[in-house]
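Structural features, examined
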Amino acid sequence: MKKISLFTMLIGGLLAAQSQTLWKIAPKGGDKPSYILLTGPACTSSMNLTPEMRTALAQVSAVAMDYNLYDNKDAAKWQAYSFPTVDSQRINNNLSAGEIQTFNTILKNNGLPDQMVQQFDGFRVEMVYYLLLMLNSPCGTLTQLPSYETVLRPYAKKNNLDYLVLQPTDDYLAEDSRRSNGYWQQNIRYMLNNEDEIKGKLQTEEKLYEQSNLAGLKDLYTRDKLYQLRTGDAITRQHIPYLAGKIADQIKQRPTFIAVQYNNVVGDSPSLFDELEAKGYTITAVQ
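Description of the structure in this document. (Residues numbered from 1 in each chain as written. Predicted model: local features only at pLDDT ≥ 70, side-chain atom pairs only at ≥ 80, totals over all residues. Heavy atoms only, no water.)

Burial analysis of helix 6 (residues 126–135) places eight of its ten residues in the buried class, which makes it a mostly covered element. Against the buried residues of helix 6 lie helix 3 (75–81), helix 4 (97–109), helix 8 (169–177), helix 9 (181–193), helix 10 (195–210) and helix 12 (225–231). (Buried < 20%, exposed > 50% of the residue type's maximum accessible area, 1.4 Å probe, protein only. Helix = DSSP H or I, 4+ residues; strand = E, 2+ residues; numbered from the N terminus. Contact = heavy atoms within 4.5 Å.)

Below, the structure is given as structure tokens:
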């Protein structure tokens, strides 16, 4: 008999929960629980801590993010990563002349000057994908999505809680660089060939997250080609047990409030929650 995943059972029984983005993770043996906040795309000018989040934060001694792409001290690392270290990473060695022209046209149609457009010729191919996401941001063209780091780090500092990042930037970039050129080519070509639909898809994702509709997000990630291509590679699947191990190690040391991207839960099984259940933890939605 096929095993039904923990997440499938949770979603089936907890659609009426007041908050499907905040979850309690309890170890066996009666130790203090930790909490997992599922974060995602949000277009609010500032993110707020709900009463449920504040109650959870009052019960922990540390705050953690899965990763943090917004720390200014890592800006130089990201800038260096944007440029190829070998020829195989270059845009013109991965996309056809026609695809490059389509990409350049999209940039110009979004108001980027010719001089800036020409600079992208020297970038790594994956930068095309990231830029296309930013151009189609549901929050506005080239608008960076806010991160809960902007409220969790100040909260931790104000309340004398330890603050940490589970996946350092160096590890994040190393993981990203292991994705094949074929992965980037497939994702970029889909976005170039479906330009008229991309913004609407990303807006749907943002709206579902705003509504805390994890069932809707799971359906989107399962059925839509944009998300199938994004999360269907081996690197994404390998990241989930990596993250589960980091979380388990952290909450063994102390009760922690942990913010992680929701796609680790709504993608193909085994999900992050499945992995944590297998380690002996009980996960329930915070009512």
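On to helix 10, then. The end-to-end C-alpha distance of helix 10, which contains 16 residues, comes to 24 Å, matching closely the 22 Å that a straight helix rising 1.5 Å per residue would cover. Those residues of helix 10 lying buried are Ile198, Lys201, Leu202, Glu205, Glu206, Leu208 and Tyr209. In an axial view of helix 10, the angular spread of the buried residues amounts to 165 degrees, which keeps them on one side of the axis. Opposite its buried face, helix 10 presents the exposed residues Asp196 and Glu210, each directed more than 90 degrees away. Check the buried side of helix 10 and you find it contacts strand 2 (34–39), helix 6, helix 9, helix 11 (214–223) and helix 12. Ser212 sits one or two positions beyond helix 10 and adopts a positive phi of about 55 degrees. (Expected span 1.5 Å × (residues − 1). Arc of directions from axis to C-beta.)

Within the structure shown, the criterion is met by 14 aromatic pairs. An angle of 50 degrees between the planes, with centres 4.8 Å apart, marks the rings of Tyr67 and Tyr172 as tilted. With Tyr67 in the loop between strand 3 (62–65) and helix 3 and Tyr172 in helix 8, the pair connects residues that are 105 residues apart, well separated along the chain. Between the aromatic rings of Phe103 and Phe120, the centroid separation amounts to 6.3 Å while the plane-to-plane angle is 80 degrees, which identifies the pairing as edge-to-face. (Phe/Tyr/Trp six-rings, centres within 6.5 Å; stacked < 30°, edge-to-face > 60°.)

Moving on to the state of the cysteines. In total, this model carries one disulfide according to the counting rule given. Cys43 shares a disulfide with Cys139; S-S distance 2.1 Å. Its S-S torsion of about -85 degrees marks the bond between Cys43 and Cys139 as left-handed, since a negative value means left-handed. Taken together, the positions of Cys43 in the loop between strand 2 and helix 2 (51–57) and Cys139 in the loop between helix 6 and helix 7 (149–158) put the pair 96 residues apart, joining distant regions of the chain. (Disulfide = S-S within 2.5 Å.)

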